[in-house]
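Results of the structural survey
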Amino acid sequence: DTAVSQTPKYLVTQMGNDKSIKCEQNLGHDTMYWYKQDSKKFLKIMFSYNNKELIINETVPNRFSPKSPDKAHLNLHINSLELGDSAVYFCASSQGLAGGFENEQFFGPGTRLTVL
Amino acid sequence: RKEVEQDPGPFNVPEGATVAFNCTYSNSASQSFFWYRQDCRKEPKLLMSVYSSGNEDGRFTAQLNRASQYISLLIRDSKLSDSATYLCVVNSYQTGANNLFFGTGTRLTVIP
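The structure displayed is predicted, hence computed values, not measured ones. (Residues numbered from 1 in each chain as written. Chains lettered and ligands numbered in written order. Predicted model: local features only at pLDDT ≥ 70, side-chain atom pairs only at ≥ 80, totals over all residues. Heavy atoms only, no water.)

Moving on to the overall build of chain A. In terms of helices and strands, chain A carries zero helices and eleven strands. Secondary structure of chain A in N-to-C order comes out as β-β-β-β-β-β-β-β-β-β-β. Long-range pairs, those at least 24 residues apart, make up 56% of the contacts in chain A between residues at least 6 apart in sequence. Roughly 5,600 Å² of accessible area belongs to chain A as shown, and the carbon and sulfur atoms make up 50% of that amount. (Helix = DSSP H or I, 4+ residues; strand = E, 2+ residues; numbered from the N terminus. Contact = heavy atoms within 4.5 Å. Areas by Shrake-Rupley, 256 points an atom, 1.4 Å probe, with all protein chains shown as cover.)

Tallied over the full model, the rule gives two disulfides over all chains. Covalently, Cys23 of chain A is tied to Cys91 of chain A through a disulfide, its sulfur atoms 1.8 Å apart. Its S-S torsion of approximately -75° makes the covalent link between Cys23 of chain A and Cys91 of chain A left-handed. Highlighted residues: Cys23 of chain A in strand β3 (residues 19-25) and Cys91 of chain A in strand β9 (residues 87-94), separated in sequence by 68 residues. Cys23 of chain B shares a disulfide with Cys88 of chain B; S-S distance 1.8 Å. With a gap of 65 residues between them, Cys23 of chain B in strand β3 (residues 19-25) and Cys88 of chain B in strand β9 (residues 84-94) connect regions that are remote in the sequence. Accessibility assignment for this pair places Cys23 of chain B and Cys88 of chain B in one class, buried. (Disulfide = S-S within 2.5 Å. Buried < 20%, exposed > 50% of the residue type's maximum accessible area, 1.4 Å probe, protein only.)

Here we come to the side chain of Ser65 of chain A. With respect to the helices and strands, Ser65 of chain A occurs in strand β7 (residues 64-70). With near-sequence residues (within four places) excluded, Ser65 of chain A lies in contact with Asn75, Leu76 and His77 of chain A.

Turning our eyes to something else, we now look at the sheet that holds strand β7 (residues 60-65) of chain B. All names here are of chain B. Strands sit in the order β1-β3-β8-β7-β6 across an open sheet of five strands; the sheet is antiparallel. Strands with a single pairing partner mark the edges of an open sheet, and in this sheet they are β1 (4-6) and β6 (55-57). Averaged over all neighbouring strand pairs, the angle between strand axes comes to 20°, with direction disregarded. The pairing of β3 with strand β8 (residues 70-75) spans six bridges and is classified as antiparallel. Directly across from Phe21, in β8, lies its bridge partner Leu73. (Pairing = 2+ DSSP bridges. Axes fitted to C-alpha atoms, helices over the stretch in contact; angles between N-to-C directions.)

Excluding glycine, most residues fall at negative phi; most peptide bonds, likewise, are trans. Residue Pro8 of chain A is reached from Thr7 of chain A by a cis peptide bond, and omega for that bond is -5°. Along the chain, Pro8 of chain A turns up in the loop between β1 (4-7) and β2 (10-13). Of the consecutive residues Gly9 of chain B and Pro10 of chain B, the connecting peptide bond is found in the cis state with omega at 10°. With respect to the secondary-structure elements, Pro10 of chain B resides in the loop between β1 and β2 (11-14). Backbone geometry at Ser80 of chain A places phi at a positive 45°, although glycine is not the residue there.

Below you can see the structure in the form of structure tokens.
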């Protein structure tokens, strides 16, 4: 059983296009996240959702919009794609929001986005 | 300044060697600390949490020095399967929520 799944695994698209990445978790977790890992392998949080509420929005362009139809899903929609958006995007989930050790984050396999 | 700083390596060590990774974090109010492991083209996975008193899990030992804001990971008797990137991760409460901040990772290659 896949705990956190993402689709697609690879996404190649042209500049200016709009694309979505889907994420689903079957762990019953309350909180889901989106991370971006750039070419230098630096992993940085973009968003997190808890109970359908956006609770973190780092300095991410508003071309990126997370959408959560239910607790098990957090999709990422990107408008007007730019070259600099090329990266690996990871979805993750955890139980709860507290900073405790029990709130391990489980990551999906990643979506490798290439913007041409 | 980055939240978490690590030596990117690479560290190339022979099988059976002992290797140590270090990282520093900038927010003295950070609450919890972790080491994650990331294999090439794979997702990060939790390796171990780092407790104030230090903790050990088999061949892996993690230490935390809050005064120096310094975290370490020691791997004894390295195996080929230990080859991966090791990410130092710190949880800090900022702007109304808890965030995980990742270091850039230290790459380890264990050589036969």
